[in-house]
Amino acid sequence: MATMPASASDLFKSFKLKTKQQELLIRVSILCLVYILAFITRLFSVLRYESMIHEFDPYFNYRTTLYLTENGFYDFWNWFDYESWYPLGRIVGGTLYPGLMVTAVLIYRILRFLRFAVHIREVCVLTAPFFASNTTLVAYFFGKEIWDSGAGLVAAILIAICPGYISRSVAGSYDNEGVAIFALLFTFYVFVKAVNTGSLAWSLASAFGYFYMVSAWGGYVFIINLIPLYVLVLLITGRYSMRLYVAYNCMYILGMLLAMQIRFVGFQHVQSGEHMAAMGVFFLMQVFYFLDWVKHMLSDTKLFQAFLRITVTCAVAVGGIALGLGMVSGYISPWTGRFYSLLDPTYAKDHIPIIASVSEHQPTAWSSFMFDFHILLFLFPAGLYFCFKRLSDATIFIVMYGLTSMYFAGVMVRLILVATPAVCLISAIAVSATVKNLTVLLRSKNKVVQTGSTKGSGGSKSSSKALLDQSQPFQKNGAIALLFGAFYLLSRYATHCTWVTSEAYSSPSIVLAARGAHGNRVIFDDYREAYFWLRQNTPQDAKVMSWWDYGYQITAMGNRTVIVDNNTWNNTHIATVGRAMSSYEDEAIEIIRSLDVDYVLVVFGGVTGYSSDDINKFLWMVRIGGGVFPVIKEPDYLVNGEYRVDKGAAPKMLNCLMYKLCYYRFGEMLTEYGKPPGYDRARGVEIGNKDVKLEHLEEAFTTSNWIVRIYRVKPPNNRW
Amino acid sequence: MEAWIRARVTLALTLFALLFFVSRSSPPRQFVISNAERRIDLSSHIINVHLTLKVENTGTRPASEVVLALTPTEVDHLAMVDALAIKGKQKKTTSVRLEVKPTELPDAPPIDAKYFTIYLADPLNSGESTTLEVLYVFMHFLEPFPAEIAQSESQLVFYHDTALILSPYHIKQQTTFIKTPSTKVESFIRVEPTNRVGTEIKYGPYEDCPPYTISPIHVHFENNSPFAVVEELVQEIEISHWGNIQVTEHYTLVHAGARHKGVFSRVDYQSRQFSNGASSFRYLLARLPARVHSVYYRDEIGNISSSHLRTNSLKSELEIEPRYPLFGGWKATFVIGYGLPLQDFLFESSDDKRYLNFTFGCPLIGMVVDKLTIKVVLPEGSTDPSPVVPFPVEHRLEAKYSSLDVIGRTVVVLEKKNFVPMHNSHFQVYYTFNPIFMLAEPLMLASAFFMFFVACVAYIHIDLSIRK
């Protein structure tokens, strides 16, 4: 740098890199490639369909982001949304995690400032892949922190393409999880770094990481419980240190204060049962510190033992009494249903049908573990073994993270997402350690043959290995075979991930694609057809009643008021809609009129064979409706415990509003060649009630493939 | 029935007024129309009226201004008026386009009327005669009756006019032909002699009509042609001197016919297409320039997958289908965008200026546009833009910031109301542009990357730690 090279050979020499620089160059270029890979592997859906928002919740996020860009932050914060939960409305600013929207708008503003004429939709679509790329970087640093840079690199690669993470971060899935996994991993990484260094700066960073996580996703509860648990384990295993004290206290206090700034979270950190563990551990830390100090002051061990006993008893008693008082007085709220259902997988099924009705809240099947983790599922225990072999503060953390999140992943399908970073990191340790051991084996032998010992510390090891080699002559070949095996497995993993991403996780679920008779791609764009029809051809203030799944989409794409939506905060309201759908028409019309509904929207897959339609969801409507209104009884809709829509169906089923709306004039329709008219392709039966007459509702619109059917509520008849 | 009585009362009153006023008012009575023939085409919702006038100068001085009269309602719906002078004998006729301007007549007319003046190329001497062909195009002139129809009904409309041509001149002989789209005519007012054959109703011939004689008629008939109206079309033409013209068109489409009422039944619509939704429409055809590329068709909530593009070397046709069939009163908004090669549309003029030569119009075929806005986005750094349009339009300048723009691009905005396909013609926008500006954005990007790398190098080599 300082002097210019004098001659050409010098010039050439100066370009020749030292080993360390070479290593850096390789590492940086691998990381860059991984960064890009993580981004582009998530673009399947954009290439195959279009740059659009996927599924259900992202539409709400998109709508709020749009509102934020148009009206600014203060309006957003104070936004009372009249378009959902009619007639109750929703205080949007106080009932959402704003992290995602603020992030997207920030990116949008920066790009705009740099004079890139992007649309906010493109930013929203690409936010999740962008943050997935950033997560790979964090995974690298995290891996480096707990093991070594090799493990970090492997972790970055594994997490870049891991289907468990891709499922929630493809382009277009503009959901909280997209940024939250980044925030989660970042918080953990910085916290571990803070524990390792005892640096106030790092723990401050982890407090801010925690703040970002709180602002982005309700899953922050996992952090605020895992970290105290980790601290507790360290305390119990006698790993208490000043570093831990600094890291935890700073992170907890600042993180808590910052988190209170989010309106949706508010004072939960001091008032909710879910956050009490963190507070308990915080006080325990102070007791520990105090005891440490006393121990330092007192020279007499016996005296200290007695003091210890008294203090610990007092502390536990005071803590217990405080908690008990808080609970009794109602200052500390008990655990919520969601939290219970995490600890006890059967809880939701018995008590909260609305949680149990969501498919992503179901317990995980083995196949989906295999689907989402592939070889990581086998590498995970191996990684745990390596972690236990080299126990440190950092490895204890990752082991705890891995084990707890694996448990939660088993409870709920969607929590596979939380487990993914841990699984990737632990598997990366396994891969990295194995490959490193094997290559060391190979190289050390060569070294012994060629030059003997070259390095001071490595020399003794390699010579001992060389001794070992003589006893096991096939070790080198074995190592080569194992290496090949490992690379084969990893390459299988890569193919599997790509396949899963392209086949399973890149469908927007708004647009359905199927193969036609001649192998061509047929697109069913019925959802948007219906929503756009609503948007253009109904009065501006029309109220649309549908099952809650479609609420967000109707408000975002149809721009019309809905009765219930995917923010399932009011169970009674949802149950009312469920009751209306499962009553006879003249009973339902009373409910419909009382809710001031103008249009009723149902989703019906009988013509196309689309199976996740309202008829298949209907039993949940009955259950949720029956949970609040006992007049609705599930057995009325079943025949011998069996759910059917054909001639053998229960009479109540054949005449309830949902059945009528779905099958109105369907009896005239020939859906499949060689089948009678009114043949339901989704359920493979001929429907039982072909002569559906509607009295108070009339068909307003049906999409070209019948997937969405909209009915208009007729005004009451004149009385003369 | 009531309408019938009202029409008769109006007629009586008008005739009475005429008798009273006819001797007193004095418009430029130099001409006499010896023969007038009017052909009214009602087959779509764009009404074409072809008027052939044989004008004779009976005054003493040569005159060159022929006045046409229209009722105020007609003027409100008038999209364009065009006049041709026919010269020559039977076989060898040549036509010359004449200037037509709206005018006010100095003296009060006997009935409420608006005037247009045709300026003849050569003054007509006393005693001479010439043949003029006038084309009126009206839009939104058919009144759906009943105003609301169900899905299975077909659309009936009213056409109001007068059997006698409104004119400030004496007309010696006149005939009117009204062509309806089908033979289904519910009713029409007879003003004898009236004759109806097939799809044509013939009024006349009427002899010796004094000035300002009218005789209101209406025709009530079936018209199921798609009443597709673009309420607003904003067309943005962005020129890049790197070789591309990007056109983006925002449509607000509406079915302006009889409003749909009651049920929309998909079963009926799918299985009985001819008797159901006869007046609705599903397909639209857009004629795009040849060599069009990267065509897209979308709306606020995403791509619309139902479109087909057919290209050949002369023209491209884009068949689009809105998300749902449009019934009366239903709306749809969408965006069509496409790229075009620059060399087909941008030329250099002799005075070192460049000019864009583009079609002023709506690519959708047979479409009426209530408000058409064309925005020509010139490249950054271009100066003195001047549009040249063959008919009067409003124009103004705007600025637009596209990617990597610092000073913004000049946008020439042209606005035209009541646009019909007959308006389709070329327009030019002249501007000066220094090619050096083309390099501004690549240089900016290159320097930004250069700075980034320099910053990286600096960061690696500078030791920022305070410890030694």
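Quick caveat, the model's predicted, so the values are computed rather than measured. Counting starts from 1 at the beginning of each chain's written sequence and moves along it residue by residue. Chains and ligands are labelled by the order in which they are written, letters from A for the one and numbers from 1 for the other. This being a predicted model, a pLDDT of at least 70 is required before a residue's local features are given, and a value of 80 or more before pairs of side-chain atoms are given or counted; all residues contribute to the totals for chains, interfaces and linings. To get the side-chain values, all heavy atoms of the structure are used, and hydrogens and water are removed first.

A. Seen up close, the overall build of chain B. In terms of regular secondary structure, chain B is built from 4 helices and 31 strands. Computation of the radius of gyration draws on C-alpha atoms alone. For the globule rule, the value is 2.2 Å times the number of residues to the power 0.38. For a compact globule of 468 residues, the expected C-alpha radius of gyration is about 23 Å, and chain B comes in at 29 Å, more than 25% above that figure. In terms of its C-alpha atoms, chain B occupies a principal-axis envelope of roughly 115 × 65 × 45 Å. For every residue, the accessible area obtained with a 1.4 Å probe (protein chains only) is divided by the maximum for its type, and the residue is called buried under 20%, exposed over 50%, and partly exposed between those limits. Within the span of chain B, comprising 468 residues, buried residues form 48% of the whole. Contacts are assigned to residue pairs that have any heavy atoms within 4.5 Å of one another. Looking at chain B alone, contacts between residues at least 24 apart form 75% of all its contacts between residues at least 6 apart. Carbon and sulfur atoms make up 57% of the accessible area of chain B, which totals about 22900 Å². When charges are tallied, Lys and Arg are placed among the positive residues and Asp and Glu among the negative ones, while His and the ends of the chain are skipped. Just so you know, the charge point we use is NZ for Lys, CZ for Arg, CG for Asp and CD for Glu. Taken together, the 44 basic and 49 acidic charged side chains of chain B have centroids lying 3 Å from each other. A run of H or I in DSSP becomes a helix once it reaches four residues, and a run of E becomes a strand once it reaches two; helices and strands are each numbered from the N terminus. Method for areas: the Shrake-Rupley scheme with a 1.4 Å probe, in which residue coverage is limited to the protein chains shown.

B. Representation of the domain arrangement of chain A within the structure. Domains are outlined according to an automatic or database domain assignment. Domain annotation for chain A reports domain 1 (175–333), domain 2 (364–443 + 484–496) and domain 3 (525–713). The centre of domain 1 of chain A, based on its C-alpha atoms, is set 49 Å off from the matching centre of domain 3 of chain A.

C. Main features of empty space enclosed by the protein. Residue and element names in this part refer to chain B. Here a cavity is any set of points on a 1 Å grid over the protein atoms alone where a 1.4 Å probe fits but cannot get out, and a pocket is any open set with protein on both sides within 12 Å along at least 5 of 7 lines; a residue lines the site when it has an atom within 4 Å of a point. Grid points are joined across faces, edges and corners, and a volume is the space filled by probe spheres set on the points. If you walk through the whole model with that rule in mind, you get 4 cavities of 30 Å³ or more. The computed volume of the largest cavity comes to approximately 210 Å³. If you go around the largest cavity, you meet 21 residues; those closest to its centre are Ala 69, Leu 70, Tyr 136, Ile 165 and Leu 166. Secondary structure elements with two or more residues in the lining of the largest cavity: strand S1 (31–41), strand S2 (46–57), strand S3 (63–70), strand S7 (129–139) and strand S10 (156–162). The biggest single contributor to the lining of the largest cavity is S3, with 5 residues.

D. Here's a closer look at the pairing of S10(B). Residue and element names in this part refer to chain B. For S10, the buried fraction is high: 6 of the 7 residues fall into the buried class. Two strands make a pair as long as DSSP finds a minimum of two bridges between them. Sheet analysis places strand S8 (residues 143–144) next to S10, joined by 2 bridges and oriented antiparallel. Across the sheet, residue Glu 143 finds its bridge partner in S10, namely Phe 158.

E. Geometry of the interface of chain B and chain A. Taken together, the contact pairs 30 residues of chain B with 29 residues of chain A. Joining two parts hides part of their accessible area as seen by a 1.4 Å probe, and the buried area is that hidden amount summed over both. Contact between chain B and chain A buries roughly 2700 Å² in total, counting both sides, with carbon and sulfur atoms accounting for 52%. Three residues stand out in chain B for area buried against chain A, namely Arg266(B), Val267(B) and Ile301(B), and they jointly supply 23% of the buried area on that side. What makes a salt bridge here is a side-chain nitrogen of Lys or Arg within 4 Å of a carboxyl oxygen of Asp or Glu, nothing more. If you look at where chain B meets chain A, you find 4 salt bridges. The residue Asp525(A) makes a salt bridge to Arg323(B) at a minimum N-O spacing of 3.2 Å. Counted as a polar contact is a pair of N or O atoms within 3.5 Å, where, for protein atoms, one must be capable of donating a hydrogen and the other of accepting one, and residues adjacent in sequence contribute only when both atoms are in side chains. Along the contact surface separating chain B from chain A lie 20 residue pairs in polar contact (both at pLDDT 80 or more). Elements that contribute at least two residues to the side of chain B that touches chain A include exactly helix H3 (266–271), strand S20 (293–299), strand S21 (302–303) and strand S24 (331–341) of chain B. When residues are grouped by polarity, Ala, Val, Leu, Ile, Met, Phe, Trp, Tyr, Cys and Pro land in nonpolar, Asp, Glu, Lys and Arg in charged, and all others, Gly among them, in polar. Of the residues belonging to the side of chain B that touches chain A, the class tally is 10 nonpolar, 11 polar and 9 charged.

F. Representation of the packing of aromatic side chains. Any Phe, Tyr or Trp ring, taking Trp's six-membered ring, that has another such ring centre within 6.5 Å forms a pair; planes under 30 degrees apart are called stacked, those over 60 apart edge-to-face, and the others tilted. Counted by the stated rule, this structure contains 77 aromatic pairs over all chains. Arranged with centres 5.8 Å apart and planes meeting at 75 degrees, the rings of Phe141(B) and Tyr159(B) form a pair that is edge-to-face. In this pair, Phe141(B) is assigned in the loop between S7 and S8 and Tyr159(B) in strand S10, connecting sequence segments 18 residues apart. Each member of the pair Phe141(B) and Tyr159(B) is classed as buried. For a Lys NZ or an Arg CZ to count as sitting over a ring, it must be within 6 Å of the ring centre and within 35 degrees of the ring normal. Positioned over the ring face of Tyr165(A) is Arg42(A), at 5.0 Å from the centre of the ring. Taking NZ or CZ as reference, Arg323(B) lies 5.7 Å from the ring centre of Phe532(A), over its face.

G. Examining the sheet that holds strand S15 (residues 216–222) of chain B more closely. Residue and element names in this part refer to chain B. Spatially, S8-S10-S15-S12 is the arrangement adopted by the 4 strands of the open sheet, whose pairing is antiparallel. This sheet does not close on itself; its edge strands, each paired only once, are S8 and strand S12 (185–188). In this structure, S12 lies alongside S15, joined through 3 bridges in antiparallel fashion. Across the sheet, residue Val 185 finds its bridge partner in S15, namely Phe 221.

H. Representation of the packing of helix H19 (residues 366–373) of chain A against helix H24 (residues 475–503) of chain A in the model. Residues and elements named next belong to chain A. As a rule, the C-alpha atoms of each element are fitted with a line to give its axis, helices using only the stretch in contact, and angles between N-to-C directions run from 0 to 180 degrees. Contact pair H19 / H24: the axes reach a minimum separation of 8 Å and the direction vectors enclose 110 degrees. The angle between H19 and H24 places the two elements in the roughly perpendicular class. Packed against H19, whose contacting residues are Met 370, Phe 371 and Phe 373, the element H24 presents Tyr 493, His 496, Trp 499 and Val 500 at the interface. Looking at the contact of H19 with H24, its residues break down into 6 nonpolar, 1 polar and no charged. Working definition: roughly parallel below 35 degrees, roughly antiparallel above 145 degrees, roughly perpendicular at 65 to 115 degrees, and oblique for all remaining angles.

I. Representation of the domain arrangement of chain B within the structure. Residues and elements named next belong to chain B. Domain boundaries in chain B define domain 1 (31–222) and domain 2 (228–442). Between domain 1 and domain 2, the C-alpha centre-to-centre distance is 33 Å. Facing 19 residues of domain 1, the contacting portion of domain 2 comprises 29 residues. Summed over both partners, the interface of domain 1 with domain 2 comes to about 1900 Å²; 58% of that surface belongs to carbon and sulfur atoms. Viewed at the interface, domain 2 and domain 1 are joined by 0 salt bridges. Along the contact surface separating domain 1 from domain 2 lie 7 residue pairs in polar contact (both at pLDDT 80 or more). Secondary-structure elements contributing two or more residues to the side of domain 1 that touches domain 2 are S2, strand S4 (78–87), S7 and strand S9 (148–149).

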